[in-house]
Amino acid sequence: MTHPKRLHIGMSLAPTWLSNDAWRRPDSNIEGIFTAEFAIDIARRSEAVHLDFVFRPDVSCLMAPGIEASSGVASLDPSILLAAVARETTRIGLVSTVSTTFYPPYVVARQLQSLNWVSKGRVGWNIVTALQGHENFGLDAMPSAAERYARAAEFTRLVHELWASFPHEALLIDREQGRYADASRVRPVDHDGQYLRVKGPLNLPSFPGPRIPLIQAGASDSGRDFAASVADLVFAPTPDKDAALELRRDLSRRAEHHGRSPADVRLLPGLSLYLADTREQARELFMQTHARVDRNRRFASIRQMIGLDLSEWPADRPITRADLPAAVQDAGNSTHRNLLRRLLERESLRVDELLLRPEVISAAHWQVIGTVDDAVEQIADWAASGAIDGFIAAPGGSVDSVHRFLEQVVPRLVELGLFRDRYQGTTFMEHLQEA
Ligand SMILES: Cc1cc2nc3c(=O)[nH]c(=O)nc-3n(C[C@H](O)[C@H](O)[C@H](O)COP(=O)(O)O)c2cc1C
């Protein structure tokens, strides 16, 4: 039987449903966020509806003022947390985030391959070049975007060489002959590159299964090109369908340029979901969550991103394209800067409207504030137009949005033939390759 192209769906393990003021709700379970059980609960629920993977973003620094009013991004180390989740799940993929700018590649290759063994082939690597945290790794400044991506490319090649340096086929385990392994099949990598120097081999064999899928987040020109050259999944902010269509087309073109099939580079935008019985209730949930909007912080972030100072802007005067300062290039986050500029070029918004848009408040992700029907309809529409290959769900407002998504939205996508009703394989790569 033919069915529409199936989506690949991941679930954020960053508790987006506790962001802003949502942690203050009595049912938030905020006290549990540094326990493994917190993530295990979400992972098990996600596995029960056959999601492709759970996903743990990560940064290597603490924005201390940010934790005054919410938990911010304080979190357990993602790979250690996922090792605990691996023991309590059996099929779902486990995506860990590891920066190529800060960590030594030998340690990264070893940790991810260890997690792959512990989870029996379910690990995925979210490759980030990172935006901040250099002070914690002995660097004077954040390297430029060009340098971070050049290092990321070398780093990723090297990690693959390390994984291949001790192939599982080298293990003989021949008790009769007393041969544990064929040492001639284990080779050093002798890498001496522009940024990294590692001898190898890795002190751990590769897992006997499909290779570890790669996820890339970063949508600047260099980010897209890097993603198109190596990534199986691209996690990107696409606040509207046009942005997703444009990125999807661009990734296809770049994939072909790198000699890859466009179908092998899957686009999975982040999808922020505020769900309730009615649209009014969903809107109220959203507004309650953002009730204590720190206007000054948001003004500072807009000023930093695009150089526009809105602190004295008249409330009733829309911001137009003509108000935008000339675009600037720097080492910062060009993806979010470009998306904010794009929004202000396409729409004339008043300050209060702008401060509640995803480009300002939620990393520019696609956002549905509404009912389960609204979410299903939008996902089906974006899928039908070929804008996406799936998405990473980031429910907001309360844990109720998580449960509505998993228990109501996903089953509806299954009914529409847009999602699997059971797992076929046992490894993460097998889920991605299912027809
Ligand atoms: C959707 C998205 C998610 C990201 N997640 C992380 C993350 O979890 N940790 C991190 O250090 N950087 C993260 N980044 C930052 C990227 O790795 C990259 O450094 C940044 O986006 C700048 O590159 P770009 O200009 O190509 O976007 C993320 C970026 C995007 C767009």
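S.K.: So what exactly am I meant to see when it comes to the overall build of the protein chain here?
M.R.: Within the protein chain, the secondary structure is distributed over 14 helices and 13 strands. Here the C-alpha atoms of the protein chain give a radius of gyration of 22 Å, agreeing with the 22 Å that 2.2 N^0.38 yields for 435 residues. Along the first, second and third principal axes, the C-alpha set of the protein chain runs to 85 × 50 × 45 Å. Of all 435 residues assigned to the protein chain, the portion counted as buried reaches 53%. Within the protein chain, residue pairs in contact and separated by at least 24 positions form 75% of the contacts whose partners lie at least 6 positions apart. Counting only carbon and sulfur atoms, one obtains 50% of the accessible surface of the protein chain, whose full area is about 20,000 Å².

S.K.: What is the right way to read the pairing of strand 4 (residues 123-128) from this model?
M.R.: The side chains of a regular strand alternate, first on one face of the sheet and then on the other. With six of six residues buried, strand 4 lies mostly within the body of the structure. Both faces of strand 4 are covered, namely the face carrying Val123, Trp125 and Ile127 and the face carrying Gly124, Asn126 and Val128. In this region the chain leaves strand 3 (residues 93-99), passes through helix 3 (residues 105-118) and returns to the parallel neighbour strand 4; the handedness of that crossover is right-handed. Relative to strand 9 (residues 214-217), strand 4 runs parallel, the two sharing three bridges. Each bridged residue has a counterpart across the sheet, and for isoleucine 127 the counterpart in strand 9 is glutamine 216.

S.K.: I tried to follow the site of the ligand on my own but got confused; where do I start?
M.R.: Contacts to the ligand come from 21 residues, most closely from Asp58, Thr129, Tyr149, Ser220 and Thr335. A distance of 2.5 Å is found between an oxygen atom of the ligand and a side-chain nitrogen or oxygen belonging to serine 220. Across the complex, the protein chains shield 93% of the 610 Å² of accessible surface that the ligand would expose by itself. Elements supplying a minimum of two residues to the shell around the ligand: helix 4 (145-165) and helix 9 (334-346). Of the residues assigned to the shell around the ligand, the class counts are ten nonpolar, nine polar and two charged. Among the domains, domain 1 (8-279 + 365-433) and domain 2 (294-355) are the pair contributing at least three residues each to the shell around the ligand.

S.K.: Teacher, can you tell me more about the pairing of strand 9 here?
M.R.: Bridge count between strand 9 and strand 10 (residues 233-236): three bridges; the pairing is parallel. Bridging from a neighbouring strand, alanine 217 pairs with phenylalanine 235 of strand 10. The handedness of the strand 9 to strand 10 crossover, carried by helix 5 (residues 221-230), is right-handed.

S.K.: Where do I start with the environment of alanine 380 in this structure?
M.R.: Positionally, alanine 380 belongs in helix 12 (residues 372-384). Assessed through its relative accessible area of 22%, alanine 380 is described here as partly exposed. Spatially, the C-alpha atoms of alanine 380 and arginine 350 are 31 Å apart, while their sequence positions differ by 30 residues. Excluding its chain neighbours within four sequence positions, the residues that come into contact with alanine 380 are Leu416 and Leu418.

S.K.: What's the story with empty space enclosed by the protein in this structure? I'm lost.
M.R.: Empty space among the atoms becomes apparent when a probe as large as a water molecule is rolled across them. Under the defined criterion, the tally for this structure stands at two cavities of 30 Å³ or more. Residue lining of the largest cavity: Leu13, Pro15, Ile33, Thr35, Phe38, Ala39, Arg56, Leu76 and Leu81, and that is the complete set. Around the second largest cavity, the lining residues are Arg6, Leu7, His8, Phe419, Arg420, His431, Glu434 and Ala435.

S.K.: How should I be thinking about the packing of helix 12 against helix 13 (residues 399-415) in this particular structure?
M.R.: Axis separation between helix 12 and helix 13 bottoms out at 10 Å; the angle between their running directions is 45°. If you check the angle between helix 12 and helix 13, you find them oblique. Helix-helix and strand crossings are classified by hand; for helix 12 and helix 13 the assignment is right-handed. Residues Val372, Asp373, Ala375, Val376 and Ile379 of helix 12 touch helix 13, and the partners they reach there are Arg404, Gln408, Val409, Arg412 and Leu413. Partitioning the contact of helix 12 with helix 13 into residue classes produces six nonpolar, one polar and three charged.

What counts as what
Residues numbered from 1 in each chain as written. Predicted model: local features only at pLDDT ≥ 70, side-chain atom pairs only at ≥ 80, totals over all residues. Heavy atoms only, no water. Helix = DSSP H or I, 4+ residues; strand = E, 2+ residues; numbered from the N terminus. Rg over C-alpha atoms; globule rule 2.2 N^0.38 Å. Buried < 20%, exposed > 50% of the residue type's maximum accessible area, 1.4 Å probe, protein only. Contact = heavy atoms within 4.5 Å. Areas by Shrake-Rupley, 256 points an atom, 1.4 Å probe, with all protein chains shown as cover. Right-handed = clockwise from strand over helix to strand, strands pointing away. Pairing = 2+ DSSP bridges. Near = heavy atom within 4 Å. Polar contact = N/O pair within 3.5 Å; in protein donor to acceptor, adjacent residues only side chain to side chain. Nonpolar A, V, L, I, M, F, W, Y, C, P; charged D, E, K, R; others polar. Domains from an automatic or database assignment. 1 Å grid on protein atoms, 1.4 Å probe; cavity = no way out; pocket = protein on both sides within 12 Å on 5 of 7 lines; lining within 4 Å. Points joined across faces, edges and corners; volume = space filled by probe spheres on them. Axes fitted to C-alpha atoms, helices over the stretch in contact; angles between N-to-C directions. Parallel < 35°, antiparallel > 145°, perpendicular 65-115°, else oblique. Left-handed = near helix turned anticlockwise from the far one by under 90°.

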